[in-house]
Amino acid sequence: MARAIHRLGPVTLKDYPVDSTTVVTKGDLMFLDTDDVKPAGSYAWDTDIATTRASFNNVFVGVAAEGRASGDAATTIAIDVDPASVWEYDQAADAVLTGGLIGPAKASGNALESQKVQEVASAAHAIGRCHVGVTSSATRIQCTFGSARHTASANANAAFGS
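Everything numeric here is computed off the predicted structure, so don't read it as measured data.

How each quantity is defined
- Residues numbered from 1 in each chain as written.
- Predicted model: local features only at pLDDT ≥ 70, side-chain atom pairs only at ≥ 80, totals over all residues.
- Heavy atoms only, no water.
- Phe/Tyr/Trp six-rings, centres within 6.5 Å; stacked < 30°, edge-to-face > 60°.
- Helix = DSSP H or I, 4+ residues; strand = E, 2+ residues; numbered from the N terminus.
- Buried < 20%, exposed > 50% of the residue type's maximum accessible area, 1.4 Å probe, protein only.
- Polar contact = N/O pair within 3.5 Å; in protein donor to acceptor, adjacent residues only side chain to side chain.
- Contact = heavy atoms within 4.5 Å.
- Core = buried A, V, L, I, M, F, W, Y, C linked by side-chain atoms within 4.5 Å.
- Pairing = 2+ DSSP bridges.
- Axes fitted to C-alpha atoms, helices over the stretch in contact; angles between N-to-C directions.

The next subject is the packing of aromatic side chains. Under the criterion given, the structure shown has six aromatic pairs. Consider the rings of F60 and F145, whose centres lie 5.9 Å apart with planes at 55 degrees: the pair is tilted. In this pair, F60 sits in strand 5 (residues 60-64) while F145 sits in strand 11 (residues 140-145), placing the two residues 85 residues apart along the sequence. Comparing F60 with F145 shows no difference in burial state: the two are buried.

Take E88: it is sitting in strand 7 (residues 86-91). The buried category is assigned to E88, whose relative accessible area is 12%. A polar contact is formed between the side chain of E88 and the side chain of R7, at a distance of 3.2 Å. For E88, the residues in contact, after removing those within four places along its chain, are R3, A4, I5, R7, R140, I141 and Q142.

Counting residues in each nonpolar core, the largest one holds 21 residues, and the members touching the most others are L29, F56, Y89, I102, V117, I141 and F145. Here the element with the most residues in this core is strand 11; it accounts for three residues. Core analysis: the second largest hydrophobic core is formed by ten residues, V18, M30, V61 and V81 among them.

Read across the sheet, five strands follow the order 2-6-5-3-4 without closing on themselves; strand pairing throughout is antiparallel. The open sheet has two edge strands, strand 2 (13-17) and strand 4 (36-39), and neither has a second partner. The mean angle between the axes of side-by-side strands here comes to 50 degrees, regardless of whether they run parallel or antiparallel.

If you want it as structure tokens, here you go:
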């Protein structure tokens with residue numbers, strides 16, 4: 001698996017609390033779990049992929065701008081919450097049009113991927129949009145994301161402040 005890469009656009013970093021045991025890789029899709037952030041792969045499965053994505057959308061924060069090892073003394077981590085940042089991710093083999101809705105891909109078993117996305121059919125399941133359309137043979141895709149914690153975001157759950 002290739003790592004997520006910031007390709008272009010502004011970056012707005014916000015520091016969020018993180019538990020000392022949480023391992024984060026730069027580029028992980030991050031969510032707010034009560035009082036700290038975690039990678040999408042740690043998100044609790046809820047019934048099926050559609051239900052899980054819809055609830056993940058409600059707490060999606062943004063993209064980890066730095067990595068973090070378990071036991072790291074830092075108590076916060078920088079998250080890119082800017083809706084104009086363009087990040088490149090691995091993607092499920094889908095043809096996606098520019099502006100297509102993007103959500104976290106389903107991992108094997110009942111889990112979300114932290115660094116892989118795929119096209120979704122409903123805005124309720126989306127955390128972003130495709131920045132540059134791709135064919136079904138493409139393995140990488142450029143995306144913008146809508147944080148539920150950034151008021152300039154198109155995410156319907158965007159909260160005041162962050």
